[in-house]
Structure formats: structure tokens, C-alpha cells
Amino acid sequence: MKTPKTLVSGGYDHTLRFWDLKTAKPIRIIPFPSSHVNQVKFSLDGRLLAVCGNPAVEFFDLRTNTEKSVHAINFHSNNVTCLAFKDKGPLVATCSEDKSVGLWDLRVTAPLQSMKCSYPLSCVSYGRDDSEIITSDYSGSARIWNSETHQQICRLQTHDSCILTGFLHDIATSLFIMFGSAGYVYISKLNSSQGSEGHELRRQYIYEKSLYEVGEEAKENFVKITKLPVARRYVMKASLSEDSLLLATASEDGFIKLWGDPEEPNIYDEGRWQTPVILGWHQMWIWDCQFLRGTKCLVSASSDKKVTLWNWEHRMVIQDFLGHEKGVTSLDVSVI
């Protein structure tokens, strides 16, 4: 099993900082003068680093020592909030607060496909098959799209008057986890695709403020598991452990919480998710968190200018990574 080697972080100080996870020492600093950083993301083979800003996305070749990007996407007109790599190839998806989605082959400059949505977008991922794209938006909805026809296949809508700040789609377990500005996390199971191409019916799966029902049509796509009260306001990010038994949440109140029971392997059981454990806290908003593969560790990024490495099993800080001059908004870890 490959263990993480390199940590990258970015934020409002217009720099990308690479860290050695063992020593907490900076390996490399790359200026990013064009914008603040919304997201940093390693490609699956570890060769590229994508940096989402406002309004461009820039790609850095980590096999070289150059501080200049080797490719850029200049398609969006507002904050690019999320980028997803597809497999180990050159395909990526992007979304933006300008309400647009772009699908890209990095070997060419024009988008393979693009579509306009009705609301600013917060997150994007590839779906259950090659025809699907999943997005979340500021209306409190996550949507599955047919990328070829641009038709909406189905929608998951909260009734909590919230902005969705993002979602997780764990392909191995089919867990689908949304989070947003109402302070809740919504956990569902996304059923396998069953000929979803060409569906024009807009099926809705609605979370009420308390109990809720799931219609027969919605059950073709989603099965409700539970809804967790995480914070008073924004849940900024969530991360699943490698075995999917634990969920970490990062929120504007500065707390990192762990949800789930490592002794209960049935991840589709509502009860196993109900009792939170506070791992620790930052002095300000936490923007990002991520479990580290092959370890008992988790890393977080905060407006307090810190990136922090935690041992989640013993609930203790291992190391603070210090050097950012302003808030840190995103991080990622590579095994290369």
C-alpha cells in the first residue's frame, strides 16, 4: 500500500506550498500571483497539480522545477470552485460560480463539452458511468446530468435554505455525502446506474428539516441513510477514511469532528453515524480536511494560517505546518 508523501496547500497569500509530511518542512514554494487559491488537486498519477483560482485554472508539471504553469483553462468568468480528474488520463471536469461546467481534454485548449446551469456551482465530479456528471450548487441541490444531452437525470434537494458547499461520491461504496451552509451533512447511497442515459424525467429526492419521505421514483437513484447536525452554520468540507468507516467534517466554527463507528462495518446503517467525536479545533474557519491513506492521520487547513496534521486515533496534533501568511483554503496529498 502506497502511503502519502507530499502535501500541498494554497490560500489567500497567493502561494502554493509543498511540505514533507515527515519533517513538516517546506519542500518547494511556487508563487501564484494571478489569484487566491480555491482548490489544489494532484492528478491521479501525481504528475500534475491543478490550481483553481478566479477565474482561471492553471496546471503545474511537478516533474520539472519551473514555477510557470504548463497549461491553463481560461473558460470561466468567476471563481472556479472545483476540478475533478478522470482516472489517470488527461480528462478533467471544472465548475464555477459563473454557473458553468466544462469538460476538458488537457491536450487541447477548447472544452470537449460545456453546459450552463441555473445556479452558481460549488462542486463537480464524474458520475456512475462515462455519460454522467454530478454537481452541487448554491440552491441547496446536487444534480446528476447526462453530459451528452445536458439533461438533468435527477436532483437531491435540501429544504434547509442552504448553499451546498460540496459533496463526496465514494465509488467503491456508493456513499453520497452532501454538506453546506445549514450546518448539516446529508448521507445517502447512490444506486448503480440503470440505463440513466436519455432520462428526461426530473426525479427529486428531498431532505426535510426533520423526517422525510423518499418517493418511489427517487429510489431508483438514491437511498436515504441519515442527516447529521454538524455545526450551527457552514460545513466546509468532509472526508471519508480509506475504509469508509469514518467521516471527518470541517466547519466554520473551527471544529473537526469524526462520525461513524469503526466497530460497525455496515456503513448503510443510520445509527452508526449518529455519535460525533471532536478531534480538535482551529482558531478560525476550517476550509479543508483529508484522511491520509495507509495511516491513522488526517490533515486540515484553516483561516488561522495553519495546516495541521492530526492523529485521529489518539485525537492529538502531530505537527503544525507554518509559513502561510494568510488563510489556507485548500490542500491535497500525493503518494508520488
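Criteria and thresholds
- Residues numbered from 1 in each chain as written.
- Predicted model: local features only at pLDDT ≥ 70, side-chain atom pairs only at ≥ 80, totals over all residues.
- Heavy atoms only, no water.
- UniProt positions renumbered as here; feature names shortened; annotations may be inferred.
- Helix = DSSP H or I, 4+ residues; strand = E, 2+ residues; numbered from the N terminus.
- Phe/Tyr/Trp six-rings, centres within 6.5 Å; stacked < 30°, edge-to-face > 60°.
- Buried < 20%, exposed > 50% of the residue type's maximum accessible area, 1.4 Å probe, protein only.
- Salt bridge = Lys/Arg side-chain N within 4 Å of Asp/Glu carboxyl O.
- Contact = heavy atoms within 4.5 Å.
- Core = buried A, V, L, I, M, F, W, Y, C linked by side-chain atoms within 4.5 Å.

The protein chain is annotated in an unreviewed UniProt entry as Target of rapamycin complex subunit LST8 of Galdieria yellowstonensis. Listed in UniProt under the heading Sequence similarities (unreviewed entry), the comment for the protein chain reads: "Belongs to the WD repeat LST8 family."

Q: What is the right way to look at the UniProt feature "repeat: WD" (unreviewed entry) in the protein chain in this model?
A: Cross-referencing UniProt, the feature "repeat: WD" (unreviewed entry) maps to residues 1-29, 73-114 and 235-259 in the present numbering. Along residues 73-114, the helical share is 0% and the strand share 52%, with 13 Å between the first and last C-alpha atoms.

Q: I would appreciate a short explanation of the packing of aromatic side chains in the present structure.
A: The relative placement of two aromatic rings is captured by the distance of their centres and the angle of their planes. One pass over the full model with this rule turns up 10 aromatic pairs. Relative to Phe176, the ring of Phe167 lies with its centre 5.1 Å away and its plane at 25°, an arrangement referred to as stacked. Summarising the burial analysis for this pair, Phe167 and Phe176 share the class buried. Each residue in the set Phe167, Phe176 and Phe222 is aromatic and connected to the rest through ring pairs, giving one cluster.

Q: In this structure, what is going on with the pattern of salt bridges? I would like to understand it.
A: Pairing between side chains becomes possible if they bear opposite charge and their charged atoms approach one another. Scanning the model with the defined rule gives 11 salt bridges in all. The salt bridge involving Asp45 is made with Arg47; its shortest N-O contact spans 3.9 Å. Judged by relative accessible area, which is 26%, Asp45 ranks as partly exposed. Under the relative-accessibility criterion, Arg47 is labelled partly exposed at 44%. Of the charged contacts, one joins Asp105 and Arg107 as a salt bridge, the two residues approaching to 2.7 Å between their closest N and O atoms. Exposure remark for Asp105: the relative accessible area of 11% places this residue in the buried category.

Q: Looking at this structure, how should I read the environment of Ser241?
A: One can find Ser241 in the loop between strand S21 (235-240) and strand S22 (247-251). Taking C-alpha positions, Ser241 is 29 Å from Arg63, a pair spaced 178 residues apart along the chain. Ser241 has contacts with Leu246 and Phe291, leaving out every residue within four places of it along the chain.

Q: Would you take a moment to explain the nonpolar core for this structure?
A: Most often, soluble globular proteins keep nonpolar side chains buried together rather than apart. The biggest cluster of nonpolar side chains holds 28 residues, and the ones touching the most others in it are Val101, Val124, Ile144, Phe176, Met178 and Phe222. Ranked by residues supplied to this core, first place goes to strand S12 (residues 121-126) with 4 residues. Membership of the second largest hydrophobic core comes to 18 residues, among which are Leu168, Leu175, Ile225 and Ala238.

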